[in-house]
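Report on the structure
Chain by chain, the residues:
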Amino acid sequence: MTCNLLLVDDHSLIRAGVRALVLDIPGYAVIGEANDGSQLLEMVEQLNPDIVLLDISMRETGGLEALQRLRRVRPHSKVLILSMHTDPALIMQALESGAHGYLLKDTTATELEHALEALRNNERYLSPAIAHTVINQALTRNQKLQPEVADSHNLTARQLEILRLIVRGKSTREIANGLGLSIKTVETHRSQIMKRLQIYDVAGLVLFAVREQIISLDD
């Protein structure tokens, strides 16, 4: 089935560029474009997109405000932030506001496809270029994001290995190819990791991995 996308950016050239990239990815279609957060909220009611590609900085209703409102009215629509901003606080705010992924605007077509694939499979995606940024920010906010139940001894050696790769922003396909596993096997491990740790968001997994010394800032 085709996965329907809604593009939200106040620059028409950016929207045109993203649309062109999406047209080359099988299984995806752009069903609408909005130039600010207010228009997004109107269009999402009519179009009911599977994934919203959302910029943060827009002239009218900003991306973060629109994201928070969108998650209330259309919680089943996945949101992929597409932004030039690498500010740690802003990235964490977007994730905590309900974004399912964060991608930088200088991304490649291949990485865009990986991000869309992750969201389509009910996963989350972080651009590898900002993984360390998220880790640093998580360390400074550990009181707020501290998981209530988390014990690294609940995970097998293979699950710990996969967790490291998830935290670094690797997609399911990249993990499967790198470890010589099937995509289905990686998806099963990912599901078990989240269930055992009772952590279901990227920010929480990053913090857990850092605090348990599963990953370090030098990785």
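Looking up the chain in an unreviewed UniProt entry gives the name DNA-binding response regulator, with the organism given as Pseudomonas kribbensis.

In this section: the UniProt feature "modified residue: 4-aspartylphosphate" (unreviewed entry) in the chain. Under the feature "modified residue: 4-aspartylphosphate" (unreviewed entry), the UniProt entry names Asp55. Note that Asp55 resides in the loop between strand S3 (51-54) and helix H3 (63-73). Excluding residues that lie within four positions of it along the chain, Asp55 makes contacts with Val8, Asp9, Asp10, Gly63, Leu82, Ser83 and Lys105.

Under the definition given, this model contains nine salt bridges. Through salt bridges with shared partners, a single ionic network connects Asp9, Asp55 and Lys105.

All right, on to the sheet that holds S3 then. If you walk across this open sheet you meet the six strands as S2-S1-S3-S4-S5-S6, and the pairing is parallel. Both edges of this open sheet fall to strand S2 (28-34) and strand S6 (125-126), since each of them pairs with a single strand only. Examined bridge by bridge, strand S4 (residues 78-83) and strand S5 (residues 101-104) share four bridges and lie parallel to one another. Note on S5: the bridge partner recorded for Leu80 is Gly101.

The topology assignment puts Val167 in helix H8 (residues 157-167). On the basis of relative accessible area, Val167 is assigned to the buried category, the value being 1%. A sequence separation of 41 residues divides Val167 from Leu126, and the C-alpha atoms of the two residues are 8.2 Å apart.

The next subject is the packing of aromatic side chains. Working definition: an aromatic ring pair is given by the centre-to-centre distance plus the angle between the planes. Scanning the entire structure with this criterion turns up zero aromatic pairs. Just above the ring of Tyr28 sits the side chain of Arg120; from NZ or CZ to the centre is 5.0 Å.

The next point concerns the environment of Ala109. Counting through the fold element by element, Ala109 comes out in helix H5 (residues 109-120). Of the residues examined, Ala109 reaches a relative accessible area of 39% and is grouped as partly exposed. Taking the C-alpha atoms as reference points, Ala109 and Leu21, separated by 88 residues in sequence, lie 6.2 Å from one another.

Cut-offs and rules
Residues numbered from 1 in each chain as written. Predicted model: local features only at pLDDT ≥ 70, side-chain atom pairs only at ≥ 80, totals over all residues. Heavy atoms only, no water. UniProt positions renumbered as here; feature names shortened; annotations may be inferred. Helix = DSSP H or I, 4+ residues; strand = E, 2+ residues; numbered from the N terminus. Contact = heavy atoms within 4.5 Å. Salt bridge = Lys/Arg side-chain N within 4 Å of Asp/Glu carboxyl O. Pairing = 2+ DSSP bridges. Buried < 20%, exposed > 50% of the residue type's maximum accessible area, 1.4 Å probe, protein only. Phe/Tyr/Trp six-rings, centres within 6.5 Å; stacked < 30°, edge-to-face > 60°. Lys NZ or Arg CZ within 6 Å of the ring centre and 35° of its normal.

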